[in-house]
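What the coordinates show
In case you want the letters, here they are:
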Amino acid sequence: MPIISGPKCTWLLLFCLCLLYLTGIWLFSEGFLLRRTELPLNSTCGDFTTEVSEHARGSCWLRPRFRKVVWVIVDALRVDFAFEAPVDRPARSYEGRLGVLRRALAEEPQKSRLFHAHADPPTTTMQRLKALTTGGLPTFVDAGSSFSSARIAEDNLILQLHGHGRKAVFLGDDTWMNLFPSCFHRARPFPSFNVRDLHTVDNGIIRHLYDEVAKDDWDVIIAHFLGVDHVGHRLGPLHPAMADKLNQMNDILGRLLAVLPPETLLLFMGDHGMTETGDHGGESESEVSAALFVYSTEPLFSKTLASEPRRLYQVDLVPSLALLLGLPIPYSNLGAVIPELFGWQDSQAMPTKPQEYILPLEALHLNALQVSRFITTYAAQHREFSAETLLKLNRALLEAQALYHSARSAMGSWNSTHETNVAIAAYQRYLYDVRKMCEAGWASFNIPMMVAGICTIGAACLWSALLAWGGHQHSHVFYSNLLKVFLGFGIAGAIGVTFLSALFGTALHDLPFHAAYGLTLSSGILLGYKAFYLSWPFLVGSMGRTIFGVNGVVSALAGPGLWLVRCLSLFSNSFILLEGQLVGFLFQSSLILIVLDAAHVCFHSTSLSAPQKQRALRVVVSVAIAALACTRTAAMFCICREELPACQPSSLLVPLPSGSVRTLHYGAAIISTTVICWTIRRFLVLHGTFKAFASPPILLVRYGFPVVAVCLGGHWGLELMSGERQATAMPRWVADIFPRIIFVLLSGGMLLTLWKPLALYTLRRKDSSEDLLTFHEATFPASQDRIREVVPRIYRSLKRDLSRSLKANHNGVQIEESSSETKLEVYGLGAPYSVVLSVFVGILIMLTALLHTPGTAPAFLLLFASMVALLELVAALSAASPDSSDARRVPLLSVVAWILASTRFFYSTGHQPTFPALQWNAAFVGFHGDHSTNMLPGLLVVMNTFSSQAIFAVALPLLLTWPFMRGVWDGDWLAVGRKGQTVNGLVNEQRESEPKMEMGLRDQPGGLSVALLRLAASFLLLQGLQLLACMLAAAWLRRHLMVWGIFAPRFLFEATGFMVSSFWLLLSVALVLHTDTRLTVWLQHLNSGFPR
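Values in this document were obtained by computation on a predicted structure and should not be read as measured data.

The rules behind these values
Residues numbered from 1 in each chain as written. Predicted model: local features only at pLDDT ≥ 70, side-chain atom pairs only at ≥ 80, totals over all residues. Heavy atoms only, no water. Helix = DSSP H or I, 4+ residues; strand = E, 2+ residues; numbered from the N terminus. Buried < 20%, exposed > 50% of the residue type's maximum accessible area, 1.4 Å probe, protein only. Contact = heavy atoms within 4.5 Å. Areas by Shrake-Rupley, 256 points an atom, 1.4 Å probe, with all protein chains shown as cover. Disulfide = S-S within 2.5 Å. Core = buried A, V, L, I, M, F, W, Y, C linked by side-chain atoms within 4.5 Å. Salt bridge = Lys/Arg side-chain N within 4 Å of Asp/Glu carboxyl O. pLDDT = per-residue confidence, 0-100. Patch = residues over 30% accessible without salt bridge, like charges linked within 9 Å, V, L, I, M, F, W, Y side chains within 5 Å. Pairing = 2+ DSSP bridges. Axes fitted to C-alpha atoms, helices over the stretch in contact; angles between N-to-C directions. Polar contact = N/O pair within 3.5 Å; in protein donor to acceptor, adjacent residues only side chain to side chain. Expected span 1.5 Å × (residues − 1). Parallel < 35°, antiparallel > 145°, perpendicular 65-115°, else oblique. Left-handed = near helix turned anticlockwise from the far one by under 90°. Nonpolar A, V, L, I, M, F, W, Y, C, P; charged D, E, K, R; others polar.

Attention shifts here to the overall build of the protein. Per the secondary structure count, the protein includes 38 helices and 13 strands. Residues classed as buried in the protein amount to 60% of the 1092 residues present. Restricting to contacts in the protein with at least 6 residues of sequence separation, those with at least 24 account for 80%. When the accessible surface of the protein is totalled, it reaches about 42400 Å², and 61% of it is carbon and sulfur.

So this is what it looks like as structure tokens:
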């Protein structure tokens, strides 16, 4: 009875397993990454009418202080960009460039002020714009909304302007148009997401800004410049292009100060900062520190300037700007009024007019009432704040109000200024305490949903263990009906729970959650029944044979032990910060353990002679040293987290200001690409498949790869020239043509390889012998009984005439004798699976290398070399134990090393599990203009980030096929794998058990499918355990100080990486199974030429 009812069943079983993992990720994410509930309420002019002072009666909350506002946002304008360079070191590119700003502070201190504005994380542009208009606090999960900016429904400044008949004009970043559609009197938006474009948005604003200021039909002008941010992303803040861009912003500021109309307030500010590599999105000091320069055409401040800019929260601008324009403060605002903007000088000097010093107090009083109303309304609907904290805050508000009324009563007396300052300080403390309560309270979690997600992942891990170690005498229990039972129970459970939920009145949007609950519950019940009642004794026995059987004591605890250390490290923020180094250490440890395991097997082998054992050990140690060298070299490729200030990033992974260094980078990139292409080509030549001219994989390697290498060189050359004047003068299509050629060639080659993966070449010649087959690379036919008769018949025909002239070379076994009969030569049957997988890996390496900077190309070469070295180690271990009872089972330690290598090169290709480390440039490789949708740029960024996981997932089946392709120890190093079936092996009757290379995977019906299923299940099990550890760490440490800075991003990156790996693993398994199906058809067709 077949173990597996076909390749489709194998793939569907893996697909269902991946779907179960994805369900767990979804459930946990919905419970862990919650959004703050938005209240659909708006402030109106009729609010707090009894609290408005007499001189403000007839206005909206407060009488307007300014008639117009020009609001200039320079994206990513860090606060130190406004400073001069220290005298004890040379100036950096971004220092000392805003001379107009410093001149205004020095010459007009009563009209200008510079503030150090703190931007609440996540420091992504859409979240900052939302905070700057609503006054609210963004939540962590909102960072993902930067790709899909939706209309802001909460009360905000733009809606208040529009609702009260004020005319707002907008210029710049088109994100505003998505957030506030139909709210502007005039708008000139420009595409914003293309970080490769340094000038289009800024130049477009400059063309219209001064004309708009000269008009009189506006109340607020908003201009959002993007050049500084794009230079940071593209080239870094130290690049000379940053100096040019800041000089341009300085000129704009100078021209604006000269043309501002009377009674106008100018705000010149950044929405966030940037790291020293030009990134942002996190919560490091450099990312949250933004500049806020305020200039008034009328005297507004005291003549005394502080030595350092005062620190305030960026959202404090929202209530201040609303009241300065005579508008209601947005309903959900949590910012505190900036008293300096209302004339507060924090001095004991009594003003000439009492309303001049009471005005900031009245503004804070209205601000506090608005915040109190919001908190009271929110707390009544959501139980996220403790009653004790709310009571304490209420008492603080009453105390501040008492001081407010006392100060108003003392207006004009000798101590009125002091009482005003005391009341202002009381209101500021109250607003600060409310903010801190909200920051803590909005980190709320849906615990049942999180537990459901964790349990689902746990169930999926158990299913993976059953698939990985199932088979043999209970194989029909595990495989024959497992897919039907799994689908039946899962779908029935999901439908049943969903129906009951709907019956009892569950909301429509909650039904998917209940369906997932049903799927998890039913699959868990089925799993328990299968595992513990039917198959537990066999499961333990099978695991025991796998762990303690063939490979000795070293492999008993090596793989599980290493993976336990790996998973436990995810509970420590210190280990996560240094995860690249830790994973590198564990990978090197796994290599050493494999060597020890091979030595143990080799010394105890009864089938190898003493010289063969010595040669085997020399080879294993040599390959291991090469792998260790690659790993140690790869550790030099790294970027640094902001939490590690002492870390120095690799010079290959940072923007390059020097021309000579650029040349070195370019040369290294070209050499790396050439070596990878040549190695794959040489591999195909050695295995004889390069003669298959009509095969899509061979055509791609023969003609496509050289073209791709040339285009990569052209693209990287232009990439290194970016920022130079020659590059800016080039037409846009020049920068796009090379990547697009690569996309077309590689994507087309990938599709054709999936369609026709078989790379075989047959050659018919005339010969005097009876019907003969000549196989390249130790070829053997299929497992069907009729086809299996071909090889014995060839043996018998050869034995009848040993005097025949035979010639063997690396292109196969040649049989030469003049005759008129036909002889058939077959090339490529020794490694049909490894060949197509190696081509597919090459496609993916070059495709992902295209999405990286040229300096990353050597890291991809090291990745490729480490992968080959690890495969050679696994093959050597398998070849040293030819008497193994199950050669199709890949050791668990090998899979552990494979995944550790994948994670190691995630860091070596210039990535970190943080949002600031995302390489947004990848979204515009080959697409100079703006994308019509966010799907394509999102996919490009994901492939850039998780390129290592994708490559190792695609190459995973090589762990199974490579040892068969390499063969066994036979005098020479893996002689069968290198030179193919020897002549003596064909004619010697005693050696009919000669290794069959990859055709040996087909000896048993369904053997390849079962082996692939076990290997893929082992891979998913280890990945699932790592994902489960991230979930448990995030759940257990959800109140940890670093949960949103370290543990939450680590979970998101792990979950996304798991999904990417699962997709490419399913594609790779489908490729191997499709290759096997095409090979079976080919052999059946070939067998028709050998009748009984």
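A complete count under the given rule lists two disulfides for this structure. In this model, Cys 640 is linked to Cys 647 through a disulfide, with the two sulfur atoms separated by 2.0 Å. On the sign convention where negative means left-handed, the S-S torsion of about -65 degrees between Cys 640 and Cys 647 marks this disulfide as left-handed.

All right, on to the nonpolar core then. Phe 32, Trp 898 and Trp 1064 are the most contacted members of the largest nonpolar core, which totals 189 residues. In terms of residue count, helix 38 (residues 1043-1087) provides more of this core than any other element does, 21 residues in total. Look past the residues within four positions of Phe 32 in its chain and what remains in contact with it is Phe 445, Met 450, Ala 1034, Arg 1038, Val 1043, Trp 1044, Ala 1048 and Phe 1051. Residues Trp 71, Phe 115, Ile 222 and Leu 393 belong to the second largest nonpolar core, which totals 82 residues.

On to the pattern of salt bridges. Counted under the stated rule, the structure contains 22 salt bridges. A salt bridge links Arg 373 to Asp 47; the shortest N-O distance between them is 2.9 Å. Taken together, the residues Arg 373 in helix 11 (residues 354-381) and Asp 47 in the loop between helix 1 (7-32) and strand 1 (68-74) connect sequence positions 326 residues apart. Judged by relative accessible area, Arg 373 falls into the buried class, the value being 18%. Linking Asp 202 and Lys 245 is a salt bridge whose minimum nitrogen-to-oxygen distance equals 3.1 Å. Taken together, the residues Asp 202 in helix 6 (residues 200-214) and Lys 245 in helix 8 (residues 240-259) connect sequence positions 43 residues apart. Each member of the pair, Asp 202 as well as Lys 245, carries the same accessibility label: buried. Salt bridges sharing common partners tie together Asp 120, Arg 435, Lys 436 and Glu 439.

Another point: the confidence of the model for the protein. Averaged over all residues, the pLDDT of the protein is 78; the fraction at 70 or higher stands at 75%. Low pLDDT, under 50, characterises residues 472-478; the stretch is placed with 19 contacts to residues that sit more than four places away or in other chains. Within the model, the stretch residues 968-995 combines pLDDT values under 50 with 74 contacts to residues more than four positions away or in other chains.

This part covers a nonpolar patch on the surface. A cluster of nonpolar side chains, namely Phe 15, Leu 19, Leu 22 and Met 1059, defines an oily patch on the protein surface of about 310 Å² accessible area. The leading source of residues in the nonpolar patch is helix 1, at three residues.

Attention now goes to the side chain of Gln 1026. Here Gln 1026 is to be found in helix 37 (residues 1007-1036). What Gln 1026 contacts, discounting residues up to four positions off in sequence, is Trp 563, Arg 566, Cys 567, Leu 570 and Glu 1054.

Attention shifts here to the sheet that holds strand 4 (residues 186-190). Spatially, 4-3-5-1-6-7-2-8 is the arrangement adopted by the eight strands of the open sheet, whose pairing is mixed. The sheet is open, and its two borders are formed by strand 4 and strand 8 (310-313), each paired with just one other strand. Pairs of neighbouring strands in the sheet enclose a mean axial angle of 15 degrees, with direction left out of account. Where strand 3 (residues 168-173) lies against strand 4, five bridges are found, and the strand directions are parallel. Bridge pairing in strand 4 places Phe 170 opposite Ala 187.

Of note, Asn 156 is situated in the loop between helix 3 (125-134) and helix 4 (157-163). In this structure Asn 156 comes out as buried when scored by relative accessible area, which is 0%. Within the structure, Asn 156 has its side chain in polar contact with the backbone nitrogen of Ile 158 (distance 3.0 Å). Non-local contacts of Asn 156, meaning those with residues more than four positions away in its chain, are made with Thr 133, Thr 134, Phe 180 and Pro 330.

Look at helix 30 (residues 857-879): 33 Å from first C-alpha to last across 23 residues, which is about the 33 Å you get at 1.5 Å a residue. With 19 of 23 residues buried, helix 30 lies mostly within the body of the structure.

One non-glycine residue, Trp 61, adopts positive backbone phi at about 70 degrees. With respect to the secondary-structure elements, Trp 61 resides in the loop between helix 1 and strand 1. You will see that Ser 182, though not glycine, has its phi angle at about 60 degrees, which is positive. In this structure, Ser 182 sits in the loop between helix 5 (175-179) and strand 4. A relative accessible area of 65% places Ser 182 in the exposed class.

What follows covers the pairing of strand 6 (residues 264-269). When you tally the buried positions in strand 6, you get six out of six residues, the bulk of the element. Burial along strand 6 is two-sided: Thr 264, Leu 266 and Phe 268 facing one way and Leu 265, Leu 267 and Met 269 facing the other are all buried. Both strand 1 and strand 6 contribute to a ladder of six bridges, which runs parallel. From the neighbouring strand, Val 69 faces strand 6, where its bridge partner is Leu 265. Of the strand pairs in this sheet, strand 6 and strand 7 (residues 289-296) are connected by five bridges, and their pairing is antiparallel. The residue bridging Leu 267 from the neighbouring strand is Val 294, located in strand 7.

Our next topic: the packing of helix 29 (residues 832-850) against helix 34 (residues 958-966). Running from amino to carboxyl end, helix 29 crosses helix 34 at an angle of 130 degrees, the nearest separation of the two axes being 9 Å. Put simply, helix 29 runs oblique to helix 34. Judged by the sense of rotation from one axis to the other, the crossing of helix 29 with helix 34 is left-handed. Where helix 29 approaches helix 34, its residues Tyr 833, Ser 834 and Leu 837 are matched on the opposing element by Leu 958, Thr 961, Trp 962 and Met 965. Classifying every residue of the contact of helix 29 with helix 34 by side-chain character gives five nonpolar, two polar and no charged.

With that settled, the discussion passes to the environment of Val 70. Following the sequence through the fold, Val 70 ends up in strand 1. Of the residues examined, Val 70 reaches a relative accessible area of 1% and is grouped as buried. In the structure, Val 70 is positioned 225 residues away from Tyr 295 in sequence and 9.8 Å away in space, judged by C-alpha atoms. The residues contacting Val 70, other than those within four sequence positions of it, are Trp 218, Ile 221, Leu 260, Thr 264, Leu 265, Leu 266 and Leu 267.

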